[in-house]
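Each chain, written out:
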Amino acid sequence: MTHYEHIEIATADTITTITINRPHARNALHGEAVAELKRAFRSFDGDPVARVGVIHGAGGAFCAGADLKQMSGDVNYEAWAGHSGGWLGAPLSKPLIAAVAGHAVAGGLGLALYCDIRIVDTTAVFGVFCRRFGVPMSDGTTVRLPRLIGESRAMMMMLTGRAVGAEEAQSIGLAAEVVPAGQSLQRAQALAAEIAQFPQRAMRSDRRSLLESRGLELDSALRLEARLAESAKRNEAQAGAARFAQGLGRHGADAND
């Protein structure tokens, strides 16, 4: 396990778990914590062993966004996304799952949206709570939220700053699954293990096609899909078809590449 002052990284087999450890502040992120989380993301993405990441917050909250106490003395903070060094800009090269308990609000909502999948427990609360304080969203929320749940629902959340609980989050597509209180991390890690067992080239090329085809015309998107599939076709598909012919892997098991 790697310990920074505010962030912890633990890798078990091929699963990396990143923990935001500022429970006294509902895991709100100040400058030092942001720098550490950025390093943690780079470390996970560059780890040749790690295949899937899980991020969660310690102490019953996911992340309450930027630490407004620190921000009150510094209005020149850098955008978490969209800035040249924005750590919530380009997606990672591997899947990242958010295990959400408690508050995932303001920048914490942006962090959850950066992830590929959100597993939430019944205590989860999403919202643009920074609306109350005149702090704009510069973490990718205004771009990613409408793509995920639709412009009308996203506009309602962003203009009103209202809280969205776990069941509503699932019903509008913000959350993939709702689990009992205290079980989001366990479920996210189990899901990560399921994803990690599959041959990685095909999984990652399909993920990349989904992410990069947004906004493209149909023909361009299909050509992108075909181009991204080439590596997996050359390096995984034939061996996988051979395993299928031998009766292996037909129930999601024995999918190692």
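Everything here concerns the structure above.
1. Here's the deal with the overall build of the protein
At step 1: The number of helices and strands found in the protein is 9 helices and 10 strands.
At step 2: Sorting the 257 residues of the protein into buried and exposed places 44% on the buried side.
At step 3: In the form shown here, the protein has an accessible surface area of approximately 12,900 Å², with 52% of it arising from carbon and sulfur atoms.

2. Quick word on the nonpolar core
At step 1: If you look at the biggest cluster of nonpolar residues, it comprises 49 residues, and the most contacted ones within it are Leu37, Phe41, Ile55, Leu111, Phe126 and Leu174.
At step 2: If you list the elements that add at least two residues to this core, you get strand 2 (7-12), strand 3 (15-20), helix 1 (31-46), strand 5 (96-100), helix 3 (107-114), helix 4 (141-149), helix 5 (151-160) and helix 6 (166-171).
At step 3: Take this core: its biggest share by element is 6 residues, from helix 1.
At step 4: If near-sequence neighbours (up to four positions away) are discounted, Ile55 is found in contact with Ile18, Ile20, Leu37, Phe41, Phe62, Leu96, Ile97, Ala98, Ala99, Leu111 and Cys115.

3. As for the environment of Thr2
At step 1: When you line up the elements, Thr2 lands in strand 1 (residues 2-3).
At step 2: With 16 residues separating them in the primary sequence, Thr2 and Ile18 have C-alpha atoms 9.5 Å apart.
At step 3: Sequence-distant contacts of Thr2, defined by excluding residues within four places in its chain, comprise Ile7, Glu8 and Ile9.

4. As for the packing of aromatic side chains
At step 1: Summed over all chains, the structure comprises 3 aromatic pairs.
At step 2: Plain terms: the ring middles of Phe41 and Trp87 are 5.9 Å apart, the flat faces sit at 45° to each other, and that makes the pair tilted. Here Trp87 lies in the loop between helix 2 (68-71) and strand 5 and Phe41 lies in helix 1, a separation of 46 residues in the sequence.
At step 3: For Phe41, a relative accessible area of 3% translates into the label buried.
At step 4: Trp87 gets classed as buried once you look at its relative accessible area, which sits at 7%.
At step 5: Aromatic side chains Phe41 and Tyr114 sit 5.8 Å apart centroid to centroid with 15° between the ring planes, which places their arrangement in the stacked category. Of this pair, Phe41 sits in helix 1 while Tyr114 sits in helix 3, and the two are 73 residues apart along the sequence.
At step 6: Chaining the aromatic ring pairs together yields one cluster made of Phe41, Trp80, Trp87 and Tyr114.
At step 7: Here Lys94 stacks its cationic end above the ring of Phe44, 5.1 Å away from the centre of that ring.

5. Notes on the pairing of strand 7 (residues 117-121)
At step 1: Taken across its 5 residues, strand 7 has 4 buried, putting it largely inside the fold.
At step 2: With 4 bridges joining them, strand 5 and strand 7 adopt parallel strand pairing. Across the sheet, Ile97 pairs through a bridge with Ile117, a residue of strand 7.

6. Concerning helix 1
At step 1: If you check helix 1, its first and last C-alpha atoms are 23 Å apart, about what 16 residues at 1.5 Å a residue would give, namely 22 Å.
At step 2: In this structure, the buried side of helix 1 is in contact with strand 2, strand 3, strand 4 (52-57), strand 5 and helix 3.

Parameters at a glance
Residues numbered from 1 in each chain as written. Predicted model: local features only at pLDDT ≥ 70, side-chain atom pairs only at ≥ 80, totals over all residues. Heavy atoms only, no water. Helix = DSSP H or I, 4+ residues; strand = E, 2+ residues; numbered from the N terminus. Buried < 20%, exposed > 50% of the residue type's maximum accessible area, 1.4 Å probe, protein only. Areas by Shrake-Rupley, 256 points an atom, 1.4 Å probe, with all protein chains shown as cover. Core = buried A, V, L, I, M, F, W, Y, C linked by side-chain atoms within 4.5 Å. Contact = heavy atoms within 4.5 Å. Phe/Tyr/Trp six-rings, centres within 6.5 Å; stacked < 30°, edge-to-face > 60°. Lys NZ or Arg CZ within 6 Å of the ring centre and 35° of its normal. Pairing = 2+ DSSP bridges. Expected span 1.5 Å × (residues − 1).

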